[in-house]
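Chain residues, written in single-letter form:
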Amino acid sequence: MAIPRKDHRVILHFDYDCFYASVFEAEQPALKSLPLAVQQKQIVVTCNYEARRRGLRKLQLVKEAKKICPELVIVLGEDLTRFRDASKELYAFIKSFVWSDRVERLGFDEIFLDVTDMVEYNIGLLNKNTLHDSFFHLDRHDPTVGFVYNATQCHGPTWPSASTSASAPCTLTTALTSSSTSLHLRLLVASHLAGYMRSQLEHQKGYTATVGVSTSKLLAKLVGSVHKPNNQTTLLPPYEPAEHGLGSTSNILRFMDGLEIRKVPGIGYKLAHKLRAYVGGAAASGPTTLSDTELGSDTATAGDNSEEVTVKQIRLLPGMGPRLLNKILGGAGAPKDIGVRVWGLLHGVDDSDVLAGRDIPTQISIEDSYGKLTTLHEVKRELTTLTASLIRRMRTDLTEQNVDSGPRFRWRAHPKLLRLSTRPRPPPEADGPRTRIWNRISRSAALPLYVFNIDESIDALAEKLVQEHLLSMFRKLHPEKFGWNLSLLNIAVTNMVESAGEQRGSNGRDIGKMFRSQERVLSEWTVNESGNEPLANADTDLDNHPTGTPWEDGDDEEEIPGTICQTCGALIPTFALVAHAQYHSAPD
Ligand code: TTP
Ligand code: MG
C-alpha cells in the first residue's frame, strides 16, 4: 500500500538534556561539575550527566542513588515554577531564530521547529564555487546576520552513520547526485542550522539539547534520540523505496523497523500491550492470516506480553496491514481508522504540522497532591493557598503593562470559567494491578469578575474566591460531610478569551459584552457538571487523541503537573507519565 508523505518540509526537534537538573545548573553553574539529582517525593526524577557518569539514572529511588553516589547533591524539584519559567525563556530564545511562527512546545523540554523557509532561502543562495565557505543567512533583510558553514557535508552524526551506511555519507556530492537530491540538500543545510542553534543555546543560555533533523515531527523526534546527549542526528534519504525495489531501501523504513513499538509516539501503553499480545499469540499459534484473526477476536489478548516487540516484527506479520491492525486495536473508544493511522506510524508517517506558538495559554491550572486530605478545614486551607498561586500566575501570564493612559496593567485575556477538580482515592481493593491513573472529578462555574481587580491584594481575592465560590463547588462535588479521602486538588481557569484585537489571529470578541452576559449567569449561580474527566494526554496512545495526531497540544502544558504515581507516590508531569510507568515496569 502506497503511503503518501509530506516530505517537502524540514523539521527540527529539540530535547533539552537532563532538563530539570540543567535549570538548577543554569542558576548555579558551579553545580555543573558535581553529580546533581532532582528529587520529587522519594524519586530522583532526573540527574545531570556527571551523576549519570557515576552510574545514576533517571527515575531511581533517592535511597538507591545515595548508595551508588554518596557525594550526590540533591535539590528539590516539586515546585515546578522555575522549570516552567525556564521553559518559556528557552522557547522565546529558540523562536527568535526561526522565520515562520511554526515553533511548538511539547511539555516543558521539547520543541519542534518548521525551518523549511529558512533552508530553502539558503539553498537558493548557495554558491557552487565556495561551498566550503558558505554563509547561512539568519535574516532575510540583513545579509550580515548569520554564520559560515561547510556546505559540502552534514553537520553532526547521521542515520545511517557515515561509517556503517551502505549508502554514501552525507556529502554534497551525494546530495547532488542522489535521486532525492533536493531532500538531501535540504537536510544537509538544516543540519548546520541545528548545529548553530545548539551552540548558541549552550553559549548564551547554558543549556545543551539533543536534536533530530528530518521531514516530520515524528521522524525528527525519533532520530534525535539516536545520539544523546548534546548532539544531533539527521535522518538521511532515500525516504522512499526504490521504484521497483523492496521496502528496505527506504531509510525511513529501515530506521523505524529497529524501534521497539512503545518508542513510537502515538503507540502508547494500551496499543503496545495489544500489539505485543498479538505477536505473542501469533508466535504461539504459528503463522496467522487475516481470516484466522477474523475467527476470534480473543487472539488479540492472548500470548506473552512481556517481550519487547519491534516495528519490523509487527510490520512483517502475515496478513499485516490497516485491516488487521483495526481488528487488533479497534474496540470501544478507539478511533474508527485506528488501523490506518497505526499502519502509517509504523511506516514513519506523520503529516501533522508544527503548530504556531501562542503566547496566551489555553488555560492556567494549579494543583497539589496530598497523602491525606480528609477534613473541610484542611481543604479550605489548601484551596486558599492554591487559589493565591493561581491568581498570581494569572497576573504574570495574562497581563501586560498598559502603554496608553489608564491603569498600569491591562489583561491580555480573560478566562471565563473556573474549574475545581479533585481526585478521591479509591478503596484499595477496587484498585486492580493495571489501574495506573485515578479519575478526577470536576465542576465548572463562571469565573467572577472581581478576580481581575489588580488593585486588590492576591490573598484577599483568594480568600473571597474560596469562601464565595470554591467551597460551594467543593460541597457539590463531595456532598458527604466527611469520609472522602482526597489525593489531589486542582483549580483552573479555562475558556480563555483574548482581549479584542491584541493577538494575531484573535477573533476580537467584545469582552464587555461577554462579561455582561456572564453577570447574568453568575447571578443564577449555575454550576456545570463536567463529570468524570479523563486526564488529558495521560498516555500517548492514539485513542487518547481524537484529532488523530500523536502529539499533545503544547499549549496545554499549563496542566502540568499531571498525576501522582500510585506505586511510589511521586508527582509526575503528564508528559512524563509514560517514561515513569516504564521505570516501574522495568526489571531491576
Ligand atoms: P526527560 O526529557 O524524560 O528527561 P531529561 O530531560 O531530564 O533527560 P534526557 O537528557 O534523558 O532528556 O524529562 C524532562 C523532565 O521531566 C526531566 O528533567 C524531569 C521531568 N520528569 C519528571 O518529573 N518525572 C518523570 O518521571 C520523568 C521521566 C521526567
Ligand atoms: Mg530532555
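How each quantity is defined
Residues numbered from 1 in each chain as written. Chains lettered and ligands numbered in written order. Predicted model: local features only at pLDDT ≥ 70, side-chain atom pairs only at ≥ 80, totals over all residues. Heavy atoms only, no water. Helix = DSSP H or I, 4+ residues; strand = E, 2+ residues; numbered from the N terminus. Contact = heavy atoms within 4.5 Å. Areas by Shrake-Rupley, 256 points an atom, 1.4 Å probe, with all protein chains shown as cover. Buried < 20%, exposed > 50% of the residue type's maximum accessible area, 1.4 Å probe, protein only. Pairing = 2+ DSSP bridges. Phe/Tyr/Trp six-rings, centres within 6.5 Å; stacked < 30°, edge-to-face > 60°. Lys NZ or Arg CZ within 6 Å of the ring centre and 35° of its normal. Salt bridge = Lys/Arg side-chain N within 4 Å of Asp/Glu carboxyl O. Donors = N, O, S within 2.8 Å, 3.2 Å for Na, K, Ca; no water. Tetrahedral: all angles 85-135°; square planar, octahedral: opposite > 155°, others 65-115°. Axes fitted to C-alpha atoms, helices over the stretch in contact; angles between N-to-C directions. Polar contact = N/O pair within 3.5 Å; in protein donor to acceptor, adjacent residues only side chain to side chain. Parallel < 35°, antiparallel > 145°, perpendicular 65-115°, else oblique. Left-handed = near helix turned anticlockwise from the far one by under 90°.

## Structural notes on the overall build of the protein
And then number 1: Assigned secondary structure in the protein consists of 18 helices and 21 strands.
And then number 2: Sequence-distant contacts in the protein: of pairs separated by 6 or more residues, those separated by 24 or more amount to 68%.
And then number 3: Accessible area of the protein: about 26600 Å², with a carbon and sulfur share of 53%.

## A look at the pairing of strand 3 (residues 43–47)
And then number 1: Of all 5 residues that make up strand 3, 5 are buried, and the element is covered over most of its length.
And then number 2: Taking the residues between adjacent antiparallel strands as the criterion, strand 2 (residues 36–40) and strand 3 are bridged by 2 residues, where K41 takes a positive phi near 50 degrees.
And then number 3: The pairing of strand 3 with strand 4 (residues 60–61) spans 2 bridges and is classified as antiparallel. Considered in strand 4, the bridge of I43 is made with L61.

## Comments concerning the packing of aromatic side chains
And then number 1: Scanning the model with the defined rule gives 16 aromatic pairs in all.
And then number 2: One aromatic cluster is present, formed by Y16, F19, Y20, F24, F83 and Y207 through successive ring pairs.
And then number 3: Here the basic side chain of R105 rests over the ring of Y91, its NZ or CZ set 5.5 Å away from the ring centre.
And then number 4: Over the aromatic face of F112 sits the side chain of K217, whose NZ or CZ is 5.3 Å from the ring centroid.

## Notes on the pattern of salt bridges
And then number 1: A full pass over the atoms with the stated rule returns 18 salt bridges.
And then number 2: Here E50 and R53 are joined by a salt bridge, their closest N and O atoms 2.9 Å apart. Note that E50 and R53 are positioned in helix 2 (residues 49–53) at a spacing of 3 residues, about one turn of the helix.
And then number 3: Residue E50 is classed as buried on the basis of its relative accessible area, which comes to 16%.
And then number 4: For the salt bridge of D397 with K88, the shortest nitrogen-to-oxygen distance reads 3.1 Å. Of this pair, D397 sits in helix 15 (residues 376–398) while K88 sits in helix 4 (residues 81–95), placing them 309 residues apart in sequence.
And then number 5: The exposure class assigned to K88 is partly exposed, which follows from its relative accessible area of 27%.
And then number 6: Put simply, E50, R53, R54 and E71 are held in one network by salt bridges that share partners.

## What to know about the environment of L90
And then number 1: Looking at where L90 falls in the secondary structure, it is placed in helix 4.
And then number 2: With a relative accessible area of 0%, L90 lands in the buried category.
And then number 3: Ignoring anything within four residues of it in the chain, the contact list for L90 reads Y16, F19, L201, K205 and Y207.

## Re the coordination of the magnesium ion (ligand 2)
And then number 1: Protein ligation of the magnesium ion (ligand 2) involves D15 (OD), Y16 (O) and D109 (OD), the donor distances falling in the range 2.2 to 2.3 Å.
And then number 2: Angles of 78 to 172 degrees at the metal separate the 6 donor atoms of the magnesium ion (ligand 2), which places the site in the octahedral class.
And then number 3: Within one chain, the residues serving as donors to the magnesium ion (ligand 2) are arranged as D-Y-x92-D. For the residue pair D15 and Y16, the accessibility class agrees, reading buried in each case.

## Here's the deal with the sheet that holds strand 3
And then number 1: On the basis of which strands lie adjacent, the open sheet formed by 4 strands has the order 4-3-2-5 and mixed pairing. The strands lining the two open edges of the sheet, one partner per strand, are strand 4 and strand 5 (73–76).
And then number 2: Set on the sheet, helix 1 (residues 19–27) makes contact with strand 2, strand 3 and strand 5; between it and strand 2 the angle comes to about 115 degrees.

## Points about the sheet that holds strand 12 (residues 232–235)
And then number 1: If you trace the 6 strands from one edge of the open sheet to the other, you get 6-7-1-11-12-10, paired in mixed fashion. The sheet is open, and its two edges are formed by strand 6 (103–106) and strand 10 (158–159), each paired on a single side.
And then number 2: Pairing of strand 10 with strand 12, which is carried by 2 bridges, proceeds in the parallel orientation. When the bridges of strand 12 are listed, W159 appears paired with L235.
And then number 3: Most of the contacts of helix 8 (residues 217–224) go to strand 11 (residues 209–214), to which it runs at about 135 degrees, and overall it touches strand 1 (11–16), strand 6, strand 7 (110–114), strand 10, strand 11 and strand 12.

## What about the side chain of R315?
And then number 1: Relative to the helices and strands, R315 resides in helix 12 (residues 311–315).
And then number 2: Of the polar contacts made by the side chain of R315, one reaches the side chain of D257; its length is 2.7 Å.
And then number 3: Residues within four places of R315 in sequence aside, it is in contact with L253, D257, M320, W343, L346 and H347.

## Overview of the packing of helix 15 against helix 16 (residues 458–477)
And then number 1: Packing of helix 15 against helix 16 leaves a shortest axis separation of 8 Å and a crossing angle of 125 degrees. Relative to helix 16, the element helix 15 lies oblique. Helix 16 is crossed by helix 15, and the crossing has right-handed handedness. Contact with helix 15, carried on its side by L376, V379, K380, L383, T384, T387, A388, I391, R392 and R395, involves I458, D459, L461, A462, E463, L465, V466, Q467, L470, L471, F474 and R475 of helix 16 and no other residues of that element.

## Points about the environment of L461
And then number 1: Position of L461 among the secondary structure elements: in helix 16.
And then number 2: Looking at L461, the relative accessible area reads 3%, which means it is buried.
And then number 3: Residues L461 and T384 lie 77 residues apart in sequence; the distance between their C-alpha atoms is 9.4 Å.
And then number 4: Discounting chain neighbours no more than four positions away, the residues touching L461 are I391, R395, Y450, V451, N453 and E456.

## Thoughts on the environment of E64
And then number 1: Its place among the elements puts E64 in helix 3 (residues 62–68).
And then number 2: Separated by 21 residues in the primary sequence, E64 and I43 have C-alpha atoms spaced 9.5 Å apart.

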